[in-house]
Amino acid sequence: MQGYQNNFITNFIIKLDFYNDTKEFATEIPADIVNVIKENFPRVQPTRVLESSLEVSETKTSRQDVNFPQWIYTDNKNQNKIVINKKYISIESITYESFKKIEDLFHPLLEKIFNIPNIQVSRVGIRYINQLRKHRNFFNDINKISDWKKYINSDLISNISFIDEFNTSNLISSIEMNYDGFMVRFKYGINNINYPLPIKEPNFILDYDGFTTNLITSMEDFKEIEENIHTKIEELFEKSINEELRNVLDGK
(Lines give C-alpha, C1' and ligand atoms only; values in the text may rest on other atoms or scores of the structure.)
Protein backbone atom coordinates (compact mmCIF):
# COMPACT_ATOMS: atom_id res chain seq x y z
CA MET A 1 0.00 0.00 0.00
CA GLN A 2 2.92 2.32 0.60
CA GLY A 3 4.75 3.84 -2.35
CA TYR A 4 1.94 3.56 -4.90
CA GLN A 5 0.59 6.58 -6.80
CA ASN A 6 -3.02 5.51 -6.20
CA ASN A 7 -4.76 3.67 -3.40
CA PHE A 8 -8.29 2.51 -2.64
CA ILE A 9 -8.12 2.92 1.14
CA THR A 10 -11.45 4.41 2.19
CA ASN A 11 -10.78 4.17 5.93
CA PHE A 12 -7.59 4.01 7.97
CA ILE A 13 -8.18 3.64 11.72
CA ILE A 14 -5.97 3.44 14.80
CA LYS A 15 -7.65 2.80 18.15
CA LEU A 16 -6.04 2.63 21.58
CA ASP A 17 -8.13 1.31 24.49
CA PHE A 18 -7.02 2.48 27.92
CA TYR A 19 -6.54 -0.24 30.53
CA ASN A 20 -8.40 1.79 33.15
CA ASP A 21 -10.61 4.85 32.77
CA THR A 22 -8.17 7.71 32.28
CA LYS A 23 -8.97 10.36 34.87
CA GLU A 24 -7.19 13.04 32.82
CA PHE A 25 -10.00 12.76 30.24
CA ALA A 26 -12.87 12.23 32.67
CA THR A 27 -14.17 15.82 32.53
CA GLU A 28 -11.91 17.71 30.11
CA ILE A 29 -8.82 17.33 27.93
CA PRO A 30 -5.63 18.79 29.49
CA ALA A 31 -4.60 22.07 27.83
CA ASP A 32 -1.20 20.83 26.62
CA ILE A 33 -2.88 17.93 24.79
CA VAL A 34 -5.57 20.20 23.33
CA ASN A 35 -2.83 22.48 21.97
CA VAL A 36 -1.19 19.57 20.15
CA ILE A 37 -4.50 18.35 18.74
CA LYS A 38 -5.56 21.78 17.47
CA GLU A 39 -2.40 22.19 15.39
CA ASN A 40 -3.97 19.89 12.81
CA PHE A 41 -7.52 19.42 14.10
CA PRO A 42 -8.95 22.85 14.92
CA ARG A 43 -12.63 21.90 14.91
CA VAL A 44 -14.07 20.27 18.02
CA GLN A 45 -17.48 18.81 18.81
CA PRO A 46 -18.10 17.88 22.46
CA THR A 47 -20.49 14.95 22.87
CA ARG A 48 -21.43 12.43 25.52
CA VAL A 49 -21.22 8.63 25.55
CA LEU A 50 -23.98 6.53 27.10
CA GLU A 51 -22.74 3.24 28.54
CA SER A 52 -25.15 0.64 29.86
CA SER A 53 -24.45 -2.40 32.02
CA LEU A 54 -26.63 -5.20 33.38
CA GLU A 55 -26.37 -6.70 36.84
CA VAL A 56 -28.00 -10.10 37.17
CA SER A 57 -28.75 -11.76 40.51
CA GLU A 58 -30.92 -14.69 41.53
CA THR A 59 -33.84 -12.39 42.24
CA LYS A 60 -33.60 -9.57 39.74
CA THR A 61 -31.90 -7.99 36.79
CA SER A 62 -31.01 -4.31 36.96
CA ARG A 63 -29.62 -1.94 34.38
CA GLN A 64 -27.24 0.88 35.11
CA ASP A 65 -26.65 3.74 32.67
CA VAL A 66 -23.59 5.96 32.89
CA ASN A 67 -22.68 8.78 30.54
CA PHE A 68 -19.40 10.61 30.21
CA PRO A 69 -17.93 13.32 27.96
CA GLN A 70 -16.29 12.70 24.62
CA TRP A 71 -14.57 15.05 22.17
CA ILE A 72 -14.46 14.72 18.37
CA TYR A 73 -11.76 16.76 16.66
CA THR A 74 -11.63 17.14 12.87
CA ASP A 75 -9.46 18.96 10.37
CA ASN A 76 -10.81 21.82 8.27
CA LYS A 77 -11.68 19.50 5.37
CA ASN A 78 -13.37 16.93 7.61
CA GLN A 79 -11.08 14.23 6.22
CA ASN A 80 -9.28 13.23 9.41
CA LYS A 81 -10.80 12.74 12.85
CA ILE A 82 -9.75 12.13 16.44
CA VAL A 83 -12.21 10.79 19.00
CA ILE A 84 -11.07 10.89 22.61
CA ASN A 85 -12.70 10.03 25.93
CA LYS A 86 -11.67 8.41 29.20
CA LYS A 87 -11.86 4.89 27.72
CA TYR A 88 -10.10 5.20 24.37
CA ILE A 89 -8.65 7.37 21.66
CA SER A 90 -9.30 6.64 18.00
CA ILE A 91 -7.79 8.20 14.91
CA GLU A 92 -9.41 7.92 11.51
CA SER A 93 -8.40 9.09 8.05
CA ILE A 94 -10.46 8.87 4.86
CA THR A 95 -7.69 10.40 2.72
CA TYR A 96 -4.80 8.03 3.42
CA GLU A 97 -1.67 8.98 1.44
CA SER A 98 1.18 7.20 3.19
CA PHE A 99 2.11 5.63 6.51
CA LYS A 100 4.76 8.34 6.99
CA LYS A 101 2.14 11.10 6.74
CA ILE A 102 -0.03 9.28 9.27
CA GLU A 103 2.90 9.15 11.68
CA ASP A 104 3.69 12.84 11.17
CA LEU A 105 0.05 13.78 11.73
CA PHE A 106 -0.77 11.68 14.79
CA HIS A 107 2.43 10.71 16.60
CA PRO A 108 2.91 14.08 18.35
CA LEU A 109 -0.46 13.59 20.03
CA LEU A 110 0.28 10.00 21.01
CA GLU A 111 3.62 11.12 22.46
CA LYS A 112 1.65 13.41 24.76
CA ILE A 113 -0.77 10.63 25.68
CA PHE A 114 2.05 8.27 26.68
CA ASN A 115 3.64 11.00 28.81
CA ILE A 116 0.64 10.83 31.15
CA PRO A 117 1.87 9.17 34.39
CA ASN A 118 0.93 5.49 34.71
CA ILE A 119 -0.86 5.43 31.36
CA GLN A 120 -1.62 1.88 30.19
CA VAL A 121 -3.12 0.76 26.89
CA SER A 122 -4.82 -2.64 26.92
CA ARG A 123 -5.45 -2.91 23.18
CA VAL A 124 -4.07 -1.36 20.00
CA GLY A 125 -5.90 -1.82 16.72
CA ILE A 126 -4.84 -0.71 13.22
CA ARG A 127 -7.22 -1.18 10.32
CA TYR A 128 -7.04 -0.61 6.58
CA ILE A 129 -10.24 -0.87 4.53
CA ASN A 130 -9.74 -0.99 0.76
CA GLN A 131 -12.82 -0.71 -1.44
CA LEU A 132 -12.28 -1.50 -5.12
CA ARG A 133 -15.12 -0.26 -7.28
CA LYS A 134 -15.75 1.28 -10.68
CA HIS A 135 -14.71 4.89 -10.50
CA ARG A 136 -13.68 7.09 -13.42
CA ASN A 137 -11.02 5.06 -15.22
CA PHE A 138 -10.73 2.27 -12.68
CA PHE A 139 -12.11 -1.28 -13.11
CA ASN A 140 -14.45 -0.54 -16.00
CA ASP A 141 -13.94 -4.14 -17.16
CA ILE A 142 -15.53 -5.52 -13.97
CA ASN A 143 -19.10 -6.67 -14.66
CA LYS A 144 -19.35 -9.77 -12.49
CA ILE A 145 -17.61 -11.23 -9.45
CA SER A 146 -15.36 -13.62 -11.36
CA ASP A 147 -13.88 -10.71 -13.35
CA TRP A 148 -11.86 -9.79 -10.26
CA LYS A 149 -9.51 -12.70 -11.05
CA LYS A 150 -7.66 -10.23 -13.25
CA TYR A 151 -6.78 -8.04 -10.25
CA ILE A 152 -7.19 -10.17 -7.12
CA ASN A 153 -5.36 -13.35 -6.13
CA SER A 154 -7.62 -16.07 -7.54
CA ASP A 155 -7.38 -18.02 -4.27
CA LEU A 156 -9.52 -15.29 -2.67
CA ILE A 157 -12.40 -15.82 -5.11
CA SER A 158 -12.00 -19.53 -5.87
CA ASN A 159 -15.36 -20.23 -4.20
CA ILE A 160 -17.06 -18.59 -7.19
CA SER A 161 -16.68 -21.86 -9.05
CA PHE A 162 -18.86 -23.51 -6.41
CA ILE A 163 -21.83 -21.16 -6.68
CA ASP A 164 -24.03 -19.39 -9.19
CA GLU A 165 -22.57 -15.92 -8.87
CA PHE A 166 -25.56 -14.22 -10.51
CA ASN A 167 -27.79 -15.40 -7.65
CA THR A 168 -25.31 -14.59 -4.87
CA SER A 169 -26.53 -12.09 -2.27
CA ASN A 170 -23.37 -11.75 -0.20
CA LEU A 171 -19.81 -13.02 -0.46
CA ILE A 172 -17.66 -12.03 2.50
CA SER A 173 -15.01 -14.37 3.87
CA SER A 174 -12.89 -13.97 6.99
CA ILE A 175 -9.54 -15.35 8.10
CA GLU A 176 -7.88 -14.74 11.48
CA MET A 177 -4.11 -15.06 11.74
CA ASN A 178 -2.01 -15.16 14.90
CA TYR A 179 1.50 -13.73 14.72
CA ASP A 180 4.14 -13.02 17.37
CA GLY A 181 2.43 -10.52 19.68
CA PHE A 182 -0.55 -9.57 17.51
CA MET A 183 -3.34 -10.88 15.30
CA VAL A 184 -4.77 -9.87 11.93
CA ARG A 185 -8.41 -10.36 11.01
CA PHE A 186 -8.71 -10.31 7.22
CA LYS A 187 -12.09 -9.91 5.54
CA TYR A 188 -12.47 -9.95 1.79
CA GLY A 189 -15.10 -10.31 -0.90
CA ILE A 190 -18.28 -8.56 -2.03
CA ASN A 191 -20.27 -6.65 0.58
CA ASN A 192 -23.71 -6.25 -0.97
CA ILE A 193 -25.40 -2.99 0.10
CA ASN A 194 -28.65 -4.24 -1.51
CA TYR A 195 -28.76 -7.48 0.49
CA PRO A 196 -30.76 -9.75 0.34
CA LEU A 197 -31.14 -8.95 -3.37
CA PRO A 198 -28.53 -10.54 -5.67
CA ILE A 199 -25.27 -8.65 -6.07
CA LYS A 200 -25.49 -6.02 -8.81
CA GLU A 201 -22.37 -3.99 -8.10
CA PRO A 202 -19.44 -6.39 -7.55
CA ASN A 203 -17.31 -4.00 -5.51
CA PHE A 204 -14.45 -5.87 -3.85
CA ILE A 205 -13.32 -5.25 -0.28
CA LEU A 206 -9.91 -5.99 1.25
CA ASP A 207 -10.21 -5.27 4.98
CA TYR A 208 -7.17 -5.83 7.21
CA ASP A 209 -7.68 -5.39 10.97
CA GLY A 210 -4.51 -5.89 13.03
CA PHE A 211 -4.57 -5.75 16.81
CA THR A 212 -2.76 -6.66 20.01
CA THR A 213 -4.07 -7.12 23.53
CA ASN A 214 -0.60 -6.95 25.06
CA LEU A 215 -0.22 -4.14 27.60
CA ILE A 216 1.40 -1.04 26.06
CA THR A 217 2.90 1.51 28.45
CA SER A 218 5.20 3.68 26.34
CA MET A 219 5.46 5.36 22.95
CA GLU A 220 8.38 3.08 22.12
CA ASP A 221 6.20 0.01 22.71
CA PHE A 222 3.44 1.52 20.61
CA LYS A 223 5.76 2.35 17.70
CA GLU A 224 7.11 -1.19 17.68
CA ILE A 225 3.71 -2.88 17.56
CA GLU A 226 2.41 -0.28 15.09
CA GLU A 227 5.30 -1.01 12.73
CA ASN A 228 4.92 -4.78 13.11
CA ILE A 229 1.19 -4.70 12.33
CA HIS A 230 1.61 -2.22 9.47
CA THR A 231 4.38 -4.32 7.88
CA LYS A 232 2.35 -7.52 8.10
CA ILE A 233 -0.73 -5.85 6.60
CA GLU A 234 1.38 -4.57 3.71
CA GLU A 235 2.65 -8.12 3.12
CA LEU A 236 -0.89 -9.50 3.15
CA PHE A 237 -2.10 -6.79 0.77
CA GLU A 238 0.67 -7.57 -1.72
CA LYS A 239 -0.19 -11.25 -1.49
CA SER A 240 -3.86 -10.44 -2.13
CA ILE A 241 -3.39 -8.67 -5.46
CA ASN A 242 -2.14 -9.40 -8.98
CA GLU A 243 0.20 -7.44 -11.24
CA GLU A 244 -2.75 -5.84 -13.06
CA LEU A 245 -3.85 -4.15 -9.86
CA ARG A 246 -0.28 -3.05 -9.13
CA ASN A 247 -0.30 -1.33 -12.53
CA VAL A 248 -3.49 0.52 -11.55
CA LEU A 249 -1.96 1.50 -8.21
CA ASP A 250 1.17 2.73 -10.01
CA GLY A 251 -0.95 4.84 -12.36
CA LYS A 252 -0.02 2.84 -15.47
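Residue positions are given per chain, counted from 1 along the sequence in the order it is written. Note on the predicted model: pLDDT of at least 70 is required for a residue's local features to be given, and 80 or more for side-chain atom pairs to be given and counted; whole-chain, interface and lining totals, by contrast, use all residues. Each side-chain value is derived from all of the structure's non-hydrogen atoms; neither hydrogens nor water enter the calculation.

Undergrad: How should the packing of aromatic side chains be read in this particular structure?
TA: Any two aromatic rings considered together are summarised by their centre-to-centre distance and by the angle between their planes. Note on aromatic pairs: the rings of Phe, Tyr and Trp (six-membered ring only in Trp) are paired at centre separations within 6.5 Å, and the planes decide the class, stacked below 30 degrees, edge-to-face beyond 60, tilted for the rest. Within this structure, the stated rule accounts for 17 aromatic pairs. Ring geometry for Trp148 against Tyr151: centres 6.0 Å apart, planes inclined by 65°, an arrangement best described as edge-to-face. Among the aromatic residues, those joined into a cluster by ring pairs are Phe8, Phe138, Phe139, Trp148, Tyr151 and Phe204. The residue whose ring lies beneath Lys15 is Tyr88, and the NZ or CZ to ring-centre distance is 4.3 Å. We call a charge positioned over a ring when the NZ of a Lys or the CZ of an Arg lies within 6 Å of the ring centre and within 35 degrees of the ring normal.

Undergrad: In this structure, what is going on with the pattern of salt bridges? I would like to understand it.
TA: Side-chain pairs of opposite charge can arise whenever the charged atoms involved come near each other. Every case where a carboxyl oxygen of Asp or Glu lies within 4 Å of a side-chain nitrogen of Lys or Arg is listed as a salt bridge. Taken as a whole and assessed by the stated rule, the structure comprises 17 salt bridges. Across the pair Glu24 and Lys23 runs a salt bridge, and its minimum N-O distance is 3.4 Å. Each residue gets one of three labels from its accessible area relative to the maximum for its type: buried under 20%, exposed over 50%, partly exposed in between, using a 1.4 Å probe on protein chains only. For Lys23, a relative accessible area of 65% gives the class exposed. Across the pair Asp209 and Arg185 runs a salt bridge, and its minimum N-O distance is 3.7 Å. In this pair, Asp209 is assigned in strand E9 (residues 204-212) and Arg185 in strand E8 (residues 182-190), connecting sequence segments 24 residues apart. Here Arg185 falls in the partly exposed class, since its relative accessible area comes to 24%. Think of it this way: any DSSP run of H or I at least four residues long counts as a helix, any run of E at least two long counts as a strand, and we number them from the N terminus.

Undergrad: Just to check I follow, could you spell out the nonpolar core for this structure?
TA: As used here, the term nonpolar core means buried Ala, Val, Leu, Ile, Met, Phe, Trp, Tyr and Cys residues forming a set that is joined through side-chain atoms within 4.5 Å. Trp148, Leu206 and Leu245 are the most contacted members of the largest nonpolar core, which totals 67 residues. Residue contacts are defined here by distance: any two heavy atoms, one from each residue, within 4.5 Å place the two residues in contact. Excluding residues that lie within four positions of it along the chain, Trp148 makes contacts with Leu132, Phe139, Ile142, Ile157, Ile190, Pro202, Asn203 and Phe204.

Undergrad: It is not clear to me how the side chain of Ser93 should be interpreted in this structure. Could you clarify?
TA: Along the chain, Ser93 falls in strand E5 (residues 88-93). A polar contact is formed between the side chain of Ser93 and the backbone nitrogen of Thr95, at a distance of 3.3 Å. Residues in contact with Ser93, not counting those within four places in the same chain, are Thr10, Asn11, Phe12, Gln79, Asn80 and Ile102. Under this definition, polar contacts are N or O atom pairs within 3.5 Å; protein pairs additionally need one hydrogen-donor-capable and one acceptor-capable atom, and for neighbouring residues in sequence, both atoms have to be side-chain atoms.

Undergrad: Which parts of the structure should I look at to understand the side chain of Thr168?
TA: Tracing the backbone through its elements, the reader meets Thr168 in the loop between strand E6 (121-132) and strand E7 (171-179). In this view, Thr168 contacts Ile163, Pro198 and Ile199; residues no more than four positions away in its chain are not counted.

Undergrad: Explain the pairing of E7 to me, please; I cannot follow it from the model alone.
TA: Between any two strands, at least two bridges found by DSSP are needed for them to pair. Bridge analysis of E7 against E8 gives nine bridges, and the strand direction is antiparallel. Bridge pairing links Met177 to Val184 in E8. The turn linking E7 back onto E8 is made up of two residues, and Gly181 within it adopts a positive phi angle of 95°.

Undergrad: I would appreciate a short explanation of helix H3 (residues 219-240) in the present structure.
TA: Turn by turn, an α-helix covers 3.6 residues, leaving residues three or four places apart pointing in a common direction. Between the first and last C-alpha of H3 there are 31 Å, a value that for 22 residues agrees with the 32 Å anticipated at 1.5 Å per step. Within the sequence span of H3, burial applies to Met219, Phe222, Ile225, Glu226, Ile229, His230, Lys232, Ile233, Glu234, Leu236, Phe237 and Ser240. By this rule, a helix spans an expected 1.5 Å times one less than how many residues it contains.

Undergrad: It is not clear to me how the environment of Glu220 should be interpreted in this structure. Could you clarify?
TA: Assignment of secondary structure puts Glu220 in helix H3. The exposure class assigned to Glu220 is exposed, which follows from its relative accessible area of 57%. Each C-alpha atom of the pair Glu220 and Phe114 lies 9.4 Å from the other, and the pair is 106 residues apart in sequence.

Undergrad: In this structure, what is going on with the environment of Arg133? I would like to understand it.
TA: By the element assignment, Arg133 lies in the loop between E6 and E7. Its relative accessible area of 37% is what places Arg133 among the partly exposed residues. Considering only alpha carbons, one finds Arg133 and Pro202, 69 residues apart in sequence, at a separation of 7.5 Å. In contact with Arg133, not counting residues within four places along its chain, are Thr10, Phe138, Phe139 and Asn203. Within the local environment of Arg133, its side chain forms a polar contact with the side chain of Gln131, the two groups lying 3.1 Å apart.

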